[in-house]
Amino acid sequence: MNQPAILQLDNITKVFPHSGSAGDKQQPTKVLDDVSLTLNNGELLGLLGPSGCGKTTLLRIVAGFESISAGTVAIAGKTVCSCSEYLAAEKRQTGMVFQDYALFPHLTVAENIAFGLRHQLKTAKKLFARPDRSKIRQRVGEVLDLVGLQGFERRYPHQLSGGQQQRISLARALAPQPALILLDEPLSNLDVRVRHRLRAEIRAILKAAGISAIFVTHDREEALAISDKIAVMWQGKIEQIGTPESIYLQPATRFVAEFVTQANFLPAVRQGDIWQTEIGSIAAASPSTLGETGELALRPEEITLVPEPNSKFIVRERQFLGREYFYAVEIATGKIIYVRMGLGLAEAIAIGTRVKLVFKSDKPQIFLD
Ligand code: ADP
Ligand code: MG
């Protein structure tokens, strides 16, 4: 018990002196704002957020490639970065995996993996003159085994597929047995089929190695599929941290509901025990001491369409997605409501059909104004 967390971030703030973008007016920009999180031993944390929200900056801070303006970073109980302390990147025991693999093109697979190992042995001063070749060869073999690429030692990166290159770069990161692996959008360069297979494989490899990891992605499905816990980030802040299920089913903020669940939002006004919206009323679950106006969030799969000739709501679009139909329904105010209905739930509804909307949820989520 009482084992320190593998990674503890407390109140990290990062201000760049200027934004670095075109049209820059040399204004300082705060890209991380009071970020705190804990990563426990063996845990896989998905860091999810839209492009530009600060994910890479946060990862670079943990790895030691970037300084901080305020806060502390502790790895395995040891403070590695604060306003007064700073431990160099190569001493932090973190392994990184990048979107573009970053393998050395002129080195073989074995040499690529051994590169990190030799470096570690040197910095740890375990070896002075010559690296122990048989030990290195053995470790290269072990990590190739772990990523399912036994026998690839003599190949060059250009002789491998994108998915294989990414597994080699994971093997290279794992070889020195770091405390923590940091993966920055590792699947973004791969095509959909490989991406789906590899995300399951990466999770299995990390779990087999028993290592803690942060997996950065802007893809909500990817984060939901692979993470033990997800931290949702927006504009330099962490909006919510929780299990994939809790993030999806109980989004804490409007941003999380929108980004992670693609919810529809409708203005809602409270009248006693019900919330009145443009598409009907919903029982209010919480006490009436709360605010009087807000927004009702409904996920597309929480709504069923039922044909109703007198309705003011009209199906404007229908896409067949294999497992389900995806509908766009125009309501009286002209707003579009998105609905997903599984096959077999009902007959497909033709474009132009008038429909009523039936809510399946008995716990509607209201975000108060
Ligand atoms: P993400 O990885 O989530 O897409 P980043 O961490 O790369 O986001 O960037 C967050 C914000 O910080 C962006 O607005 C980006 O332009 C800015 N930024 C990143 N690095 C620098 C830098 N070295 N100097 C100035 N601004 C930067
Ligand atoms: Mg990034």
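Just above sits the structure.
Values in this document were obtained by computation on a predicted structure and should not be read as measured data.

Reading guide: rules and limits
- Every chain begins its residue count from 1, and numbering advances along the sequence as written.
- For this description, chains carry letters from A and ligands carry numbers from 1, given in the order in which they are written.
- Per-residue local features are limited, in this predicted model, to residues with pLDDT of at least 70; the limit for side-chain atom pairs, both in listing and counting, is 80 or more; totals at the level of whole chains, interfaces and linings are taken over all residues.
- The basis for every side-chain value is the complete set of non-hydrogen atoms in the structure, without hydrogens or water.
- Criterion for a disulfide: a pair of cysteine sulfur atoms within 2.5 Å.
- Categorising residues by exposure relies on relative accessible area from a 1.4 Å probe, with only protein chains included: less than 20% of the type maximum marks a residue as buried, more than 50% marks it as exposed, and the intermediate range marks it as partly exposed.
- Two strands are said to pair when DSSP picks up at least two bridges between them.
- Numbering of helices and strands runs from the N terminus, with a helix taken as a DSSP run of H or I at least four residues long and a strand as a DSSP run of E at least two residues long.
- Each axis is a line fitted through C-alpha atoms, taken for helices only over the stretch in contact, and angles between the N-to-C directions span 0 to 180 degrees.
- Two residues qualify as a contact provided that any one of their heavy atoms is within 4.5 Å of a heavy atom in the partner residue.
- Here the angle decides the label: under 35 degrees means roughly parallel, over 145 means roughly antiparallel, 65 to 115 means roughly perpendicular, and every other value means oblique.
- Here is the rule for handedness: rotate from the far helix to the near one, and if that takes an anticlockwise turn smaller than a right angle the crossing is left-handed, while a clockwise turn gives right-handed.
- Counting of polar contacts relies on pairs of N or O atoms within 3.5 Å, with two restrictions inside protein: one atom must be capable of donating a hydrogen and the other of accepting it, and residues adjacent in sequence are counted only when both atoms are side-chain atoms.
- Grid points spaced at 1 Å and placed over the protein atoms alone form the basis of the search, with a cavity being a set where a 1.4 Å probe fits but cannot get out and a pocket an open set showing protein on both sides within 12 Å along at least five of seven lines. Lining residues have an atom within 4 Å of a point.
- Grid points are joined across faces, edges and corners, and a volume is the space filled by probe spheres set on the points.
- All amino acids are sorted into three groups, where Ala, Val, Leu, Ile, Met, Phe, Trp, Tyr, Cys and Pro are nonpolar, Asp, Glu, Lys and Arg are charged, and the leftover types, Gly among them, are polar.
- Two rings from Phe, Tyr or Trp (for Trp, the six-membered ring) form a pair when their centres are within 6.5 Å of each other. A pair whose planes differ by under 30 degrees is stacked, one over 60 is edge-to-face, and the rest are tilted.

J.: For this particular structure, what's the right way to read the state of the cysteines?
T.: Joining two cysteines, a disulfide is a covalent bond between their sulfur atoms. For the structure shown, the criterion picks out 0 disulfides. Cysteine C53 remains unbridged, with the sulfur of C81 as its closest cysteine sulfur at 20 Å. Classification of C53 by relative accessible area gives buried; the value is 3%. Assessed through its relative accessible area of 1%, C81 is described here as buried.

J.: Can you help me understand the sheet that holds strand β2 (residues 29–39) in this one?
T.: Each strand in a sheet pairs with another by means of backbone hydrogen bonds, the pair being arranged parallel or else antiparallel. Strand order in the open sheet made by the 4 strands is β2-β1-β4-β5, with antiparallel pairing throughout. Looking at the sheet topology across the chains shown, the edges are occupied by β2 and β5 (78–81). On average, adjacent strands in this sheet sit at an angle of 30° to one another, irrespective of strand direction. Examined bridge by bridge, strand β4 (residues 70–75) and β5 share 3 bridges and lie antiparallel to one another. Residue pairing in the sheet places V73 in a bridge with C81 of β5. Each of β1 (7–16), β2 and β4 is contacted by helix α1 (residues 55–63), which is oriented at about 120° to β1, the strand it contacts most.

J.: I keep staring at the packing of helix α3 (residues 133–146) against helix α4 (residues 162–174) and nothing clicks. Help me out?
T.: The contact between α3 and α4 brings their axes to 9 Å, and the two run at 135°. The angle between α3 and α4 places the two elements in the oblique class. As α3 packs across α4, the resulting crossing turns out to be right-handed. Contacts between α3 and α4 involve R139, V143, L144 and L146 from the first element and I168, A171 and L174 from the second.

J.: What should I look at first to understand the environment of D369 in this one?
T.: Checked against the element boundaries, D369 lands in the segment after β20 (365–368). Look at D369 and you get exposed, because its relative accessible area is 70%. In this structure the C-alpha to C-alpha distance between D369 and G294, which are 75 residues apart in sequence, comes to 4.6 Å. At 3.0 Å, the side chain of D369 and the side chain of T293 are in polar contact.

J.: Honestly, the side chain of E43 in this entry has me stumped. Any pointers?
T.: One can find E43 in the loop between β2 and β3 (44–48). From its side chain, E43 meets the backbone nitrogen of N40 in a polar contact 2.9 Å long. Side chain to side chain, E43 and K229 meet in a polar contact 3.4 Å long. Those residues within four positions of E43 in sequence are excluded, and the remaining contacts are T38, K207, I211, S212, A213, D228 and K229.

J.: What is the right way to look at the environment of F313 in this model?
T.: Inspection of the secondary structure puts F313 in strand β16 (residues 313–320). Residue class for F313 comes out buried when judged on its relative accessible area of 11%. Beyond its immediate stretch of four places on either side in the chain, F313 contacts E278, I279, V329, E330, I331, A332, T353, R354, V355 and L357.

J.: Is there a simple way to explain the packing of α4 against helix α5 (residues 192–209) in this structure?
T.: In helix packing, the relevant descriptors are the interaxial angle and the interaxial distance, both defined with respect to the helix axes. Close contact between α4 and α5 brings their axes to 11 Å; oriented N to C, the two are set at 20°. Comparing their axes, α5 and α4 come out roughly parallel. Read as a crossing pair, α4 and α5 show a hand that is right-handed. Mapping the contact onto sequence places G163, Q166, R167, L170 and L174 in α4 and V194, L198, E201, I202, I205, L206 and A209 in α5.

J.: For this particular structure, what's the right way to read the layout of surface pockets?
T.: Rolling a probe over the atoms, with the probe sized like a water molecule, indicates the empty space that remains. Size it by volume and the second largest pocket reaches roughly 440 Å³. Taken together, 14 residues make up the lining of the second largest pocket; nearest its centre are R220, E221, R323, E324 and R340. Looking at the lining of the second largest pocket, the element that brings in the most residues is helix α6 (residues 220–226), giving 4 residues. Considering only residue class, the lining of the second largest pocket consists of 5 nonpolar, 3 polar and 6 charged.

J.: Just to check I follow, could you spell out the packing of aromatic side chains for this structure?
T.: All chains considered together, the criterion is met by 7 aromatic pairs. Taken together, the ring pairs in this structure connect W234, F255 and F259 into an aromatic cluster.

J.: Quick question: what am I supposed to make of the sheet that holds strand β17 (residues 324–330) here?
T.: Ordered by their spatial adjacency, 5 strands build an open sheet running β15-β19-β16-β17-β18, and the pairing between neighbours is antiparallel. Lying at the two open borders of the sheet, with one neighbouring strand each, are β15 (303–307) and β18 (336–342). Strand-to-strand twist across the sheet, computed as the mean angle between neighbouring axes with direction ignored, equals 40°. As paired elements, β16 and strand β19 (residues 354–359) share 2 bridges and run antiparallel to each other. Its bridge partner lying in β19, F313 is registered against V355.

Interpretation note: all reported values are geometric properties and have no functional meaning in isolation.
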